[in-house]
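# An overview of the molecular structure
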Amino acid sequence: SQYSAVDTNPLSVYIMQPIWNKIIKIVPLWIAPNLLTFSGFIMILVNYFLISFYDWDYTASGTSPGLVPTWVWLFSAFTTFCAYALDSIDGKHARRTQSSTPLGELFDHGLDSWATSIFVLSFFSVCSRDNGKTGVSVYTMYIYLSIVLFNFMCSHWEKYNTGVLFLPWGYDISQVVLIAAYLLTGAVGVEVWQKPFLFGYYITDALVILLIGFSLFLSFPQTLYNIHRAHIKKTLKNDSLYEGLLPLVSPLLLFLLLTVWVVLSPGNILAKQPRLFLWMVGVAFSNVSCKVIICQMSSTQPELFHWFLFPLALVVYAAISGLLGWMEEAVLAVFTTLVTVAHVHYGVCVGRQLSEHLNIYIFSLKKRVQE
């Protein structure tokens, strides 16, 4: 199916697009668009692991504010900007080199579905977790991450039903806010997040309120409206309500299972291992999203239950029933590793299948020789 996206965000249209149009001119024509997409993702990953190294349990900013060196925050601003730029020009570059393919579209959105959670998890290091005086609780982090991922899912669920990707306004705004936040932290230090900023509220409170407001009162109603409009115009991809809602079943069940684990965990797993748990949430969600993106691109029906739900249900049951006991953290670590390996393996397999099917290389514009 032909890729179509609509971007109505004034920040993107009037400020960012002209910048990308300048940057794109310096990219050599022999570089494959997927290489741009992938480089941006690698930068996000490197940045995430760098911050994790200095702040594994999200306490550095709160208890020992100098623990994360200033250069790390500046590096975060730099990598976030580069990833944002590369993600914004890869499509333009594909059109410029006449190499737009379904593989490129999947590669872009698939990596975005994973990057979305990594952006959020890196940002949590700026505000630090609740230490009684400042910071946000690990439960707020979990809800915050879930809302961001829900938003991502919504735009692709909408495309599954309408055939058009309405780029959420939140994307450009969030990237610019992230970059500004890292620059501010680098310039002033993490203390800026720990002082009340207006009427006894902290900047982090304002950001959480903004995010929830944006999602629930802007993005989600817009999604429903766009689907409703397509329904009236009779341009919906799916005839039945069941088919239209099908892609939402697995993500909602995933969220339900994870929330049950968070709330009923005897060892309070989220408080003990926030970084591991939230990483696992992001990866599992990314895999579910990728399946929906593939179904939407190939006009096929997603399965009702994503396979991740079965092992996850077993682990959650074993944890909340007390069967795991003191091994809960170890089991989480093993499960997180397996989920991550499975997701990477899935990505590599799909990429290879598509590159063979379309007779192209993933990271090169050279044509494959017909076997």
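Read on for a plain summary of the structure.

Reading the values: rules and limits
- Residues numbered from 1 in each chain as written.
- Predicted model: local features only at pLDDT ≥ 70, side-chain atom pairs only at ≥ 80, totals over all residues.
- Heavy atoms only, no water.
- Helix = DSSP H or I, 4+ residues; strand = E, 2+ residues; numbered from the N terminus.
- Rg over C-alpha atoms; globule rule 2.2 N^0.38 Å.
- Buried < 20%, exposed > 50% of the residue type's maximum accessible area, 1.4 Å probe, protein only.
- Contact = heavy atoms within 4.5 Å.
- Phe/Tyr/Trp six-rings, centres within 6.5 Å; stacked < 30°, edge-to-face > 60°.
- Expected span 1.5 Å × (residues − 1).
- Bend = angle between axes of the 7 residues up to and from the residue.
- Polar contact = N/O pair within 3.5 Å; in protein donor to acceptor, adjacent residues only side chain to side chain.

## Some remarks on the overall build of the protein chain
Counting its regular elements, the protein chain contains 13 helices and 2 strands. Here the protein chain has a C-alpha radius of gyration of 21 Å; the compact-globule value for 371 residues is 21 Å, and the two agree. Counting only C-alpha atoms and orienting by the principal axes, one finds that the protein chain spans roughly 60 × 50 × 45 Å. Expressed as a percentage of the 371 residues in the protein chain, the buried residues total 50%. Across the protein chain, contacts joining residues at least 24 apart in sequence account for 81% of those joining residues at least 6 apart.

## Here we look at the packing of aromatic side chains
Applying the stated criterion across every chain yields a total of 23 aromatic pairs. Ring centres of Phe-53 and Tyr-54 lie 5.1 Å apart, and the angle between their planes is 80°; this geometry places the pair in the edge-to-face category. Assessed through its relative accessible area of 66%, Phe-53 is described here as exposed. With a relative accessible area of 23%, Tyr-54 lands in the partly exposed category.

## Topic: helix α1 (residues 10-24)
Relative to the 21 Å expected for 15 residues at 1.5 Å per residue, α1 spans 20 Å between its end C-alpha atoms, a close match to the ideal helical length. The sharpest bend along α1 measures roughly 45° and falls at Met-16, with the proline Pro-18 sitting one to four residues further on. Ser-12, Met-16, Trp-20 and Ile-24 are the residues of α1 that are buried. Of the residues flanking the start of α1, the one acting as N-cap is Asn-9, its side-chain oxygen 3.1 Å from the backbone nitrogen of Leu-11.

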